[in-house]
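# Examining the three-dimensional arrangement
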Amino acid sequence: MGKDTSELSTVFGDAYRGELDRETTWRSRLDQTTTWSVTIMAAILTWAFSSPDNPHYIILIGVLAVGLFCWIEARRYRDYDVYRSRVRLFQQDLFANAFDPSLEAEHDDWRTELGEDYRYPTYKITMFEAVSNRLRRIYFALLLLLGLAWLFRVTAFVPDATLPAAAAVGTLAGSVVLGVVGAFYAALLVVMLWPREREAKGEFREVEAGEWKDTD
């Protein structure tokens, strides 16, 4: 097994189609999580601004809900990245070499690496990188929108009160609430911008635009 050319072609073709289907399935799951987040955001913001009597902290509950969805999506992204990495391995070392044999394969032992990964599947990126990726892609923008909406809701509906007084939640002082919210967003920025070496397999990153589709 593994020496006959026609046999290998069949195996590689079936394996690639299978990994591509898995990648597509997990990618759709990422989209579902984002859709849920946006839907919850829309419902919470609509209710929060529908009446001055509605409590402002419902928006903060929305922040926690969207943050939870970000965590769930990061976990799904780690699974998605497993199959995306396998697909990229096929593309880099099998198909690219087949179309352009003048260049060597990106990884000399790619079949060994792929076989080892099939025997003992492992995540390719840490949870920290997964959360950071989802924050940069979509969730920091959503959370920032909720944060700004909360500040506007607090200040616009209670114009005569100071910000700390208006931000109070029950017996919890407004200054404490502001401190917790500020610390939360500062933590998001740290996770999103923390310098580190990227572990996910590269794709469309730090490369010049190609000439293949140049219309001139």
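Note that the coordinates shown come from a computational prediction; the quantities given were computed from them, not determined experimentally. Per chain, residues are indexed from 1 in the order of the written sequence. In keeping with the predicted nature of the model, local features appear solely for residues at pLDDT of at least 70, side-chain atom pairs appear and are counted solely at 80 or more, and the whole-chain, interface and lining totals rest on all residues. For the side-chain quantities, the full set of heavy atoms in the structure was used; hydrogens and water were omitted.

### Let's talk about the packing of aromatic side chains
Here the aromatic set is Phe, Tyr and Trp, taking the six-membered ring for Trp, and pairing holds for ring centres within 6.5 Å; pairs whose planes are under 30 degrees apart are stacked, those over 60 apart are edge-to-face, and all others are tilted. For the structure on display, the rule yields 7 aromatic pairs. Note on Trp36 and Phe69: the rings are 6.0 Å apart at their centroids and 55° apart in plane angle, and the pair reads as tilted. Here Trp36, found in helix α1 (residues 5-48), pairs with Phe69, found in helix α2 (residues 57-99); they are 33 residues apart in sequence, far enough to count as distant. Here Phe184 and Tyr185 contribute two aromatic rings whose centre-to-centre distance is 5.5 Å and whose plane-to-plane angle is 90°, an arrangement assigned as edge-to-face. These aromatic residues form a ring-pair network of at least three members: Tyr16, Phe90, Phe95 and Trp110. Definition used: whenever NZ (Lys) or CZ (Arg) falls within 6 Å of the ring centre and also within 35 degrees of the ring normal, the charge is taken to sit over that ring. Directly above the aromatic system of Trp26 lies the positively charged group of Arg29, at a separation of 4.4 Å from the ring centroid. Positioned over the ring face of Tyr123 is Arg78, at 4.1 Å from the centre of the ring. Every helix listed is a DSSP run of H or I at least four residues long, and every strand listed is a run of E at least two residues long, numbered separately from the N terminus.

### Details of the nonpolar core
Residues Ile59, Leu135, Leu146 and Trp150 are the most contacted members of the largest nonpolar core, which totals 38 residues. Residue assignment for this core shows that the elements contributing at least two residues are α1, α2, α4 (127-157) and α6 (174-193). Any two residues whose heavy atoms approach within 4.5 Å are treated as being in contact. Every residue in contact with Trp150, bar those within four places of it in the chain, is listed here: His56, Ile59, Leu60, Ala167, Val177, Leu178 and Val181. Of all hydrophobic cores here, the second largest spans 8 residues; its members include Phe12, Ala15, Val87 and Trp110. Buried Ala, Val, Leu, Ile, Met, Phe, Trp, Tyr and Cys residues that are joined via side-chain atoms within 4.5 Å together make up what is termed a nonpolar core. The classification of residues rests on relative accessible area computed with a 1.4 Å probe and restricted to protein chains. Under 20% of the type maximum is buried, over 50% is exposed, and intermediate values are partly exposed.

### Brief notes about the packing of α2 against α4
Helix packing geometry: the angle between the two helix axes and the distance between the axes. Put simply, α2 and α4 touch, their axes get as near as 9 Å, and they point 165° apart. Considering the angle they form, α2 stands roughly antiparallel to α4. Crossing geometry of α2 relative to α4 is assigned as right-handed. Residues were grouped as follows: Ala, Val, Leu, Ile, Met, Phe, Trp, Tyr, Cys and Pro as nonpolar; Asp, Glu, Lys and Arg as charged; and all remaining residues, including Gly, as polar. The class makeup of the residues in the contact of α2 with α4 is 20 nonpolar, 3 polar and 5 charged. Helix axes use the C-alpha atoms of the stretch in contact, all axes being lines fitted to C-alpha atoms, and the angles between their N-to-C directions lie in the range 0 to 180 degrees. Angle categories are assigned with fixed cut-offs, so that under 35 degrees is roughly parallel, over 145 is roughly antiparallel, 65 to 115 is roughly perpendicular, and the rest are oblique. By definition, any crossing whose near helix is turned counterclockwise from its far helix by less than a right angle is left-handed, and any crossing with a clockwise turn is right-handed.

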